[in-house]
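Geometric and topological summary
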Amino acid sequence: LAALENAQDGLLRSEKLAALGALVAGVAHELNTPLGNCLITASALMHRTGEIASEVENGQVKRSSFASYLQDAQEACSLLMRGLSNAGDLVRHFKQLSVDQTSEQRRTFTLESVVSDVLSLSQTQWRRSPFRIETALQPCPALDSYPGALGRVLGNLLQNAMIHAFDGRDRGTVRIGSYMIDSTTVAMEVSDDGMGMDAQTLRCAFDPFYTTKPIGKGTGLGLSLSYGIIQKHHGSIDVQTEMGKGTTFRVSIPCVQSGGAP
């Protein structure tokens, strides 16, 4: 039993590092677009500024050309502000999510903030796919728990949907919802309209190394690790599914964790 627990802890640490590596890659890819646009805009603004400066130096500046330059400069500044704001948002989401997932820090947070952080850093992968994500989060009180753990579970469930639920399909939707079960417990549901699971897959869904993918195409650890994470945080995770009608995972956790870090 001790050997199995040590092995599970080792797998969990490896999964954390793999998740962080995926976050870094995703953020780097996402930052390319706003920063690239800012670079192009700044270069164009520098060129236009050089042109108007040359006209001023030669005493040939015209009112119309100066007005045109001011308009171009205003548009460039607007583009720069928008691009840098997008980049700043990405960095903020990454910073919070990376701190939460590597430090296992307990703090007060909202479920909406965790969902926002995870979706912001996984949007590259989903944008390049024919699938989409919808959210329907009911207002819930702030949680006193471990947001990094919850973020990893959500990321695993989204990845599971993309890899398994929509296998062979050219469209699909994942819906993330939340609601209060009672005054002390909150639930998060991740539902898809994919292919669903048969009885055998449902029985083994949370078993370590179980996967319906060919050897080398899947580790079979995502759902198992998610189950272990939720159990350690005094919660529960269950699944409802039907072939051809999709799958729903429901994660339930206490609003306030009892005791110290698990």
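Residues numbered from 1 in each chain as written. Predicted model: local features only at pLDDT ≥ 70, side-chain atom pairs only at ≥ 80, totals over all residues. Heavy atoms only, no water.

1. Thoughts on empty space enclosed by the protein
Counted under the stated rule, the structure contains 2 cavities of 30 Å³ or more. One number sums up the size of the largest cavity: a volume of about 50 Å³. Around the largest cavity sit Ser145, Tyr146, Ala149, Leu150, Ile230, His233, Ile253 and Gln257, which together line it. Taken together, the residues of the lining of the largest cavity break down into 5 nonpolar, 3 polar and no charged. (1 Å grid on protein atoms, 1.4 Å probe; cavity = no way out; pocket = protein on both sides within 12 Å on 5 of 7 lines; lining within 4 Å. Points joined across faces, edges and corners; volume = space filled by probe spheres on them. Nonpolar A, V, L, I, M, F, W, Y, C, P; charged D, E, K, R; others polar.)

2. A look at a nonpolar patch on the surface
Where nonpolar side chains cluster on the molecular surface, the patch consists of Val56, Val61, Phe66 and Leu70 and spans about 320 Å² of accessible area. Its location among the elements puts valine 61 in the loop between α1 (2-57) and α2 (63-103). Of the residues examined, valine 61 reaches a relative accessible area of 35% and is grouped as partly exposed. (Patch = residues over 30% accessible without salt bridge, like charges linked within 9 Å, V, L, I, M, F, W, Y side chains within 5 Å. Areas by Shrake-Rupley, 256 points an atom, 1.4 Å probe, with all protein chains shown as cover. Salt bridge = Lys/Arg side-chain N within 4 Å of Asp/Glu carboxyl O. Helix = DSSP H or I, 4+ residues; strand = E, 2+ residues; numbered from the N terminus. Buried < 20%, exposed > 50% of the residue type's maximum accessible area, 1.4 Å probe, protein only.)

3. Thoughts on the pattern of salt bridges
Under the criterion given, the structure shown has 8 salt bridges. One salt bridge connects arginine 106 with aspartate 144, and the closest N-O pair in it is separated by 3.0 Å. Residue arginine 106 is located in the loop between α2 and β1 (107-109), and its partner aspartate 144 is located in strand β3 (residues 143-145); the two are separated by 38 residues in the primary sequence. In this structure aspartate 144 comes out as partly exposed when scored by relative accessible area, which is 25%. Its salt-bridge partner being lysine 245, residue glutamate 242 comes within 3.6 Å of it at the nearest N-O pair. Because the salt bridges share partners, they merge into one network encompassing Arg48, Glu51 and Asp72.

4. As for the environment of valine 115
Relative to the assigned elements, valine 115 resides in helix α3 (residues 111-127). Residues valine 115 and methionine 188, spaced 73 residues apart in sequence, show a C-alpha to C-alpha distance of 9.9 Å. With residues up to four places along the chain from it excluded, the contact list for valine 115 reads Thr135, Leu137, Leu154 and Ile176. (Contact = heavy atoms within 4.5 Å.)

5. Some details on the sheet that holds strand β7 (residues 247-254)
Strand order in the open sheet formed by 5 strands is β2-β4-β5-β7-β6, and the pairing between neighbours is mixed. On the outer flanks of this sheet lie β2 (131-137) and β6 (236-241), each paired with one strand and no other. Across this sheet, the average inter-strand angle for adjacent strands is 15 degrees, counted without regard to direction. In this structure, β2 lies alongside strand β4 (residues 172-182), joined through 7 bridges in parallel fashion. Counted as the bridge partner of threonine 135 is isoleucine 176 from β4. (Pairing = 2+ DSSP bridges. Axes fitted to C-alpha atoms, helices over the stretch in contact; angles between N-to-C directions.)

6. Topic: the pairing of β4
The two faces of a sheet get side chains in turn, since along a regular strand they alternate between them. Pairing between β4 and strand β5 (residues 185-192): 8 bridges, direction antiparallel. Residue pairing in the sheet places serine 178 in a bridge with methionine 188 of β5. With antiparallel pairing between neighbouring strands as the criterion, β4 and β5 make up a hairpin whose turn holds 2 residues.

7. Overview of the nonpolar core
Leu154, Leu158 and Val251 are the most contacted members of the largest nonpolar core, which has 37 residues in total. Looking at which element gives the most residues to this core, the answer is helix α4 (residues 147-165), with 9 residues. Excluding anything up to four places from it in sequence, leucine 154 contacts Val115, Val118, Ile176, Met188 and Val190. With 5 residues, the next largest nonpolar core counts Leu45, Ile52, Tyr69 and Ala73 among its residues. (Core = buried A, V, L, I, M, F, W, Y, C linked by side-chain atoms within 4.5 Å.)

8. Focus on helix α6 (residues 222-232)
The α-helix winds at 3.6 residues per turn, so residues separated by three or four positions along the chain end up facing the same way. Taken residue by residue, α6 has Leu223, Ser224, Leu225, Ser226, Gly228, Ile229 and Ile230 as its buried positions. Positive phi appears at histidine 234, one or two residues downstream of α6, with a value of about 60 degrees.

9. Quick notes on the confidence of the model for the chain
Overall, the predicted model of the chain reaches an average pLDDT of 80, with 77% of residues at or above 70. By mean pLDDT, α1 is the weakest element of the chain at 73, and β5 is the strongest at 95. (pLDDT = per-residue confidence, 0-100.)

10. A closer look at the packing of aromatic side chains
The full count for this structure, using the stated rule, is 4 aromatic pairs. Both rings, one in phenylalanine 206 and one in tyrosine 227, keep their centres 5.4 Å apart while their planes meet at 40 degrees; by these two values the pair is tilted. Pair noted here: phenylalanine 206 is in the loop between α5 (199-204) and α6 and tyrosine 227 is in helix α6, with a separation of 21 residues, a long-range link. By relative accessible area, phenylalanine 206 is classed as buried at 19%. Summarising the aromatic geometry, the rings of phenylalanine 206 and phenylalanine 249 are spaced 6.3 Å apart at their centres and angled 80 degrees between planes, so their arrangement reads as edge-to-face. Of this pair, phenylalanine 206 sits in the loop between α5 and α6 while phenylalanine 249 sits in strand β7, placing them 43 residues apart in sequence. For the pair phenylalanine 206 and phenylalanine 249, one class covers both residues: buried. (Phe/Tyr/Trp six-rings, centres within 6.5 Å; stacked < 30°, edge-to-face > 60°.)

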